[in-house]
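# Examining the three-dimensional arrangement
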Amino acid sequence: MKEKVYLQITSGRGPAECCRVVALVLERIVRQAQASGLKVEMIEREVGPVNRTLLSATIALQGAASGELADEWEGCLLYTSPSQR
């Protein structure tokens, strides 16, 4: 049986910009997983306060390289607004 890994992406208590990042990260992980031949299953998706945003999402990745992909995305992403750059 191929390895199955669960990933949760969440905006925590961040503003709408953080919820947009959750949606973008989810799209990127799904594309990356599919390109690697992994099976992707959407477990949970909580819609955010603004169009095209997500408060959180949980997905399952299944395949030989699922652990490697999950390791690439482990940790926190820090959003910095353009005014702070």
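Scroll up to find the structure this text is about.
Residues numbered from 1 in each chain as written. Predicted model: local features only at pLDDT ≥ 70, side-chain atom pairs only at ≥ 80, totals over all residues. Heavy atoms only, no water.

This brings us to the nonpolar core. One finds L7, L26, I29 and L69 to be the most contacted residues of the largest nonpolar core, which totals 17 residues. Those elements giving two or more residues to this core turn out to be β1 (4–10), α1 (16–35), β3 (54–62) and α2 (66–73). Ranked by the residues each element gives to this core, the list is headed by α1, at 7 residues. Other than its neighbours up to four places away in sequence, L26 contacts I9, M42, R45, L54, A57 and I59. (Core = buried A, V, L, I, M, F, W, Y, C linked by side-chain atoms within 4.5 Å. Buried < 20%, exposed > 50% of the residue type's maximum accessible area, 1.4 Å probe, protein only. Helix = DSSP H or I, 4+ residues; strand = E, 2+ residues; numbered from the N terminus. Contact = heavy atoms within 4.5 Å.)

Glancing now at the pattern of salt bridges. Summed over all chains, the structure comprises 1 salt bridge. Close ionic contact of K4 with E41 constitutes a salt bridge, the shortest N to O distance being 3.5 Å. Taken together, the positions of K4 in strand β1 and E41 in strand β2 (residues 39–47) put the pair 37 residues apart, joining distant regions of the chain. K4 sits in the partly exposed class, given a relative accessible area of 36%. According to the relative accessible area criterion, E41 is partly exposed, its value standing at 33%. (Salt bridge = Lys/Arg side-chain N within 4 Å of Asp/Glu carboxyl O.)

Quick look at α1 now. With 20 residues, α1 extends 29 Å from end C-alpha to end C-alpha; this agrees with the ideal 28 Å at 1.5 Å per step. Looking at the buried residues of α1, the elements they touch are β1, β2, β3 and α2. Two residues or fewer past α1, G37 is found with a positive phi of approximately 80 degrees. (Expected span 1.5 Å × (residues − 1).)

Moving on: α2. Residues of α2 that are buried include every one of S66, G67, L69 and A70, and no others. Each buried residue of α2 sits inside an arc of 160 degrees when the element is viewed along its axis, so together they form one side. In α2, the exposed residues that point more than 90 degrees away from the buried face are E68, D71 and E72. In this structure, the buried side of α2 is in contact with β1, α1 and β3. Backbone geometry just after α2 places G75 at a positive phi near 115 degrees. (Arc of directions from axis to C-beta.)

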